[in-house]
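What the coordinates show
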Amino acid sequence: MGEIEEQGRRRSVIAQEDSTTLANLGHKQELKRNFSMISMLGLAFAILNTWTALAASISLALPSGGPSSVVWGLIVAGICNLCLAASLAEFLSAYPTAGGQYHWAAIVAWKNWSRSISYATGWINVSGWVALTATGGLLGSTFIINIISLLHSDYESKPWHQFLIYIGFTVIALFINAFSTRLLPLFTKAAFFWSLTGFVVISITILACASPNYQSGAFVYGEFINEVGWPDGLSWLLGLLQGAFALTGFDAVAHMIEEIPQPHIRGPKIMLCCIGIGMGTGFVFLSCLLFCVDNIDDVIESSAGPLLQIFMDATKSPAGSVCLLMFPLVCMLFTATTLMTTSSRMSYAFARDHGLPFSHVFARVNPGLDVPLNALLWTAAWVVVFGCIFLGSSSTFNAITSASVVALGVTYAIPPSINVLRGRRMLPENRAFKLPGIAGWVLNLVGIAWTILTTVLFVFPPELPVTSENMNYCVVAFGVILIIAMVTWIFDGRKNYTGPHVDVEGLEKGKTEGVETVLEHTTVSNSKTAT
């Protein structure tokens, strides 16, 4: 009994310390810290969903670099994303708040630019997460359409067929988030183990079924293909985008950080682990798929989708292929749910700091459900709107989802870029996760350079010659996000957005110039209010 009581007292002390830390960052504890290390890792990994995302998008990368770009592009993307994640992990350990990038940008930015940089970062991040949430239902509905196409060769897919399935994924994700929040940690833990089980089962099965008719190692790790018309070097670089897409969303840990104990210690570990696991499983899974391919052109052009076609190449059985696809299909349900969870927390956090129109509505936590229900409904509504856009124009929908990856990537680079420009002196020395000396500079600069590269590549037309059909409209969609951010700043944010309210006295050991800058504005605002 004594040991149980001691553990209870220790949990109580940790909970009090976490609440105090959050209060020092300007917010009271409203959400329950129900997540454990494994369940939060499950949420982060369910969002990355690396091996499934890679498999679903393999037909996009194969014409642009071939197997060598697919496999080694993932490793390049993984290493660069680890650099970027390590850079953000420093901020997360110092300031564990659901606001994430916009909160950190406000703290480390220059006095005169703190609010505007923070506001722009917040809007880009909210927009990116809301748009990214649509990808869960998109990929899940695509898998189901692929199954129907495989089993019924005369089936002719219509946009509204996929739209209805997409809405089904959205409704299920909303229901789980709204009414089962106490079970969400178990749900994300199940997502983690389901994904790892699927990875192992599929890898072993297709290798066993395809034996001994494998592609050569030279093909899997060295074959180069260029069917896009760009110069070979640029073609290979464009193939990197598949790996970049499959590792996007690791900042989910930051936006869920107020729901895990000891966030300053556990958060950085989870952020790095989910990328490491994603890179490892993705490399092995891609290798297994490519060893089992019969004909590359068949995979690229298959009406049943690239993943099902490779399963068919390996098993020679439609029923067996469909059974294997159940693993990534269920993974997409987990992904759709956890994407909506994270997106709602991001919108809720930004609304707390008066970053959204009608912020008082979206910053409210439902006392009966213990979730920011209005922020959930906001996210789900936008996902439905994007689905309606898909009905009218799939290219516009694809531009929006591509812009989400660009948007998130830009926000990843903003806090470390400011910190680098200010000599890496803007974070408290006593933070739990710290990149030492020259390593910090190298990792920061590699991560920032990677963001610049992928941002440029993501807005490139995928092939030559460029036509209205194959034009990449991602840049237009991202431009719309920036315009919305500027317009809302002029008419709303400039007057109402104050940025995070940080208690310097409570963070005295980690006092930085950026924190003082934010406080000066807060103090002025409070003085005006008192007057």
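1. Thoughts on the overall build of the chain
Check the secondary structure of the chain and you find 23 helices and zero strands. The principal-axis extent of the C-alpha atoms belonging to the chain is close to 75 × 60 × 45 Å. Of all 531 residues assigned to the chain, the portion counted as buried reaches 57%. Contacts in the chain between residues at least 24 apart in sequence constitute 82% of all its contacts with a sequence separation of at least 6. On the chain, roughly 20,800 Å² of surface is accessible, and the fraction owed to carbon and sulfur atoms is 66%. Counting 27 positive and 32 negative side-chain charges, the chain places the averaged centre of each group 13 Å from the other.

2. Here's the deal with the pattern of salt bridges
In a structure, side chains of opposite charge can pair up when their charged atoms sit close to one another. Taken as a whole and judged by the stated rule, the model has eight salt bridges. Here R352 makes a salt bridge to E258, at a shortest N to O gap of 2.8 Å. Of this pair, R352 sits in helix α17 (residues 318-352) while E258 sits in the loop between α13 (252-255) and α14 (263-291); the two residues are 94 residues apart in sequence, bridging distant segments of the chain. Look at R352 and you get buried, because its relative accessible area is 12%. Across the salt bridge formed by K316 and D294, the nearest N and O atoms sit 3.1 Å from each other. Within this pair, whereas K316 is found in the loop between α16 (306-315) and α17, its partner D294 is found in the loop between α14 and α15 (296-301), the two being separated by 22 residues in sequence.

3. Topic: helix α6 (residues 101-108)
Taking burial as the measure, the eight residues of α6 include eight buried ones, the bulk of the element. Of all the residues in α6, the buried ones are Q101, Y102, H103, W104, A105, A106, I107 and V108.

4. Here we look at the nonpolar core
Grouped together as the largest cluster of nonpolar side chains are 152 residues, with contacts concentrated most on I206, F250, F311 and F350. Every residue in contact with F350, bar those within four places of it in the chain, is listed here: Y102, Y119, G122, W123, V126, G355, L356 and Y497.

5. Some remarks on the side chain of R33
Its location among the elements puts R33 in the loop between α1 (2-24) and α2 (37-48). In this structure the side chain of R33 is engaged in a polar contact, spanning 3.2 Å, whose partner is the backbone oxygen of I257. Of the polar contacts made by the side chain of R33, one reaches the backbone oxygen of I260; its length is 2.8 Å.

6. Topic: the packing of aromatic side chains
How two aromatic rings sit relative to each other is given by the distance of their centres and the angle of their planes. Enumeration over the complete set of coordinates arrives at 21 aromatic pairs. For the ring pair F45 and F192, a centre distance of 5.8 Å and an interplane angle of 85° mean the geometry is edge-to-face. Of this pair, F45 sits in helix α2 while F192 sits in helix α9 (residues 184-210), and the two are 147 residues apart along the sequence. Of the two residues examined, F45 and F192, each falls in the buried class. Between Y221 and F283 the ring centres are 6.0 Å apart and the planes differ by 20°, which places this aromatic pair in the stacked class. Taken together, the residues span a long stretch of sequence, with Y221 in helix α10 (residues 217-222) and F283 in helix α14 at a distance of 62 residues. Looking at F283, the relative accessible area reads 23%, which means it is partly exposed. A connected cluster of aromatic rings, assembled from ring pairs, spans Y102, Y119, F350, W489 and Y497.

7. Focus: α17
Helix length check: α17, at 35 residues, gives a terminal C-alpha distance of 51 Å against a target of 51 Å (1.5 Å per residue), a fit within 8%. M326 marks the point of greatest bend in α17, at about 30°, and the proline P328 comes within the next four residues. Most of α17 sits out of view: 28 of its 35 residues are buried. At the C-terminal side of α17, H354 shows a positive phi close to 65°.

8. Structural notes on the state of the cysteines
Considering all chains together, one arrives at zero disulfides under this definition. Free of any disulfide, C80 has its nearest neighbouring cysteine sulfur in C83, separated by 6.0 Å. Its relative accessible area of 13% is what places C80 among the buried residues.

9. Some details on the environment of I483
Inspection of the secondary structure assignment puts I483 in helix α22 (residues 474-496). When the C-alpha atoms of I483 and M279 are compared, they prove to be 35 Å apart, with 204 residues separating the residues in sequence.

10. Describing the packing of helix α5 (residues 66-94) against helix α20 (residues 394-421)
For the pair α5 and α20, the least separation of the axes is 9 Å and the interaxial angle reads 70°. With respect to their mutual orientation, α5 and α20 come out roughly perpendicular. Along its contact with α5, which presents L84, S87, L88 and F91, the element α20 presents Y412, P415, P416 and N419. Split into classes, the residues belonging to the contact of α5 with α20 amount to six nonpolar, two polar and no charged.

11. Remarks on unusual backbone geometry
Cis rather than trans, the peptide bond between S211 and P212 has omega equal to 0°. With respect to the helices and strands, the residue P212 is situated in the loop between α9 and α10. The omega torsion across L464 and P465 is -5°, close enough to zero to call that bond cis. Mapped onto the secondary structure, P465 falls in the loop between α21 (437-458) and α22. Of note in this structure, D370 is not a glycine but carries a positive phi near 60°. You can see D370 is positioned in the loop between α18 (359-362) and α19 (373-392).

12. A look at the packing of α9 against α14
Direction vectors running N to C along α9 and α14 enclose 25°, while the axes themselves pass 9 Å from each other. Relative to α14, the element α9 lies roughly parallel. With respect to the hand of their crossing, α9 and α14 are arranged in left-handed fashion. Each of F192, L196, F199, I202, S203, I206 and L207 in α9 lies in contact with α14, whose residues at this interface are I277, T281, V284, F285, C288 and L289. Class assignment for the residues of the contact of α9 with α14 results in 11 nonpolar, two polar and no charged.

13. Overview of a nonpolar patch on the surface
Nonpolar side chains collect at one region of the surface, where L464, V466, M471, Y473, V475, V476, V480 and I484 lie side by side and expose about 590 Å² of accessible area between them. Here I484 shows up in helix α22. Among the residues examined, I484 registers a relative accessible area of 37% and is labelled partly exposed.

Cut-offs used in this document
Every chain is numbered independently, its residues counted from 1 as its sequence is written. Owing to the predicted nature of the model, reporting of local features is limited to residues with pLDDT of at least 70; listing and counting of side-chain atom pairs is limited to 80 or more, with chain, interface and lining totals taken over all residues. Heavy atoms throughout the structure, all of them, feed into the side-chain values; hydrogens and water do not. Segments assigned H or I by DSSP are reported as helices when at least four residues long, segments assigned E as strands when at least two residues long, and all are numbered from the N terminus. To sort residues, take the accessible area from a 1.4 Å probe on protein chains only and compare it with the maximum for the residue type: under 20% means buried, over 50% means exposed, and anything in between is partly exposed. Any two residues having at least one pair of non-hydrogen atoms within 4.5 Å are treated as being in contact. Each accessible area is a Shrake-Rupley result for a 1.4 Å probe, and residues are judged covered by the shown protein chains and nothing else. Charged-residue counts in this description rest on Lys and Arg as positive and Asp and Glu as negative, His and the chain ends being excluded. To locate a charge, the coordinates of NZ of Lys, CZ of Arg, CG of Asp or CD of Glu are taken. Here a salt bridge means any side-chain nitrogen of Lys or Arg lying within 4 Å of a carboxyl oxygen belonging to Asp or Glu. The term nonpolar core refers to a set of buried residues drawn from Ala, Val, Leu, Ile, Met, Phe, Trp, Tyr and Cys, joined through side-chain atoms within 4.5 Å. In the analysis that follows, any N or O atom pair within 3.5 Å is treated as a polar contact, provided that within protein one partner can donate a hydrogen and the other can accept it, and provided that, for residues neighboring in sequence, both atoms belong to side chains. The aromatic pairing rule takes the rings of Phe, Tyr and Trp, using the six-membered ring of Trp, and pairs them if the centres are within 6.5 Å, calling planes under 30 degrees apart stacked, those over 60 edge-to-face and the rest tilted. Helix span, as expected, comes to 1.5 Å for every residue beyond the first. Two axes define the bend at a residue: one fitted to the seven residues ending there, one fitted to the seven starting there, and the bend is the angle between them. For this text, the term disulfide refers to a pair of cysteine sulfurs within 2.5 Å. Fitted lines through C-alpha atoms serve as axes, helices being fitted only where they are in contact, and the angles separating the N-to-C directions of these axes extend from 0 to 180 degrees. Every angle not falling under 35 degrees, over 145, or within 65 to 115 is termed oblique; those three ranges are roughly parallel, roughly antiparallel and roughly perpendicular. In this classification, the charged set is Asp, Glu, Lys and Arg, the nonpolar set is Ala, Val, Leu, Ile, Met, Phe, Trp, Tyr, Cys and Pro, and all remaining amino acids, among them Gly, are polar. Two helices cross in a left-handed way if the nearer one is turned anticlockwise from the farther one by less than a right angle. They cross in a right-handed way if the turn is clockwise. Only residues whose relative accessible area exceeds 30% and that form no salt bridge are eligible for patches; like-charged ones are grouped when within 9 Å, while nonpolar side chains (Val, Leu, Ile, Met, Phe, Trp, Tyr) are grouped when within 5 Å.

Note that all results are geometric; they support no functional claim without further evidence.
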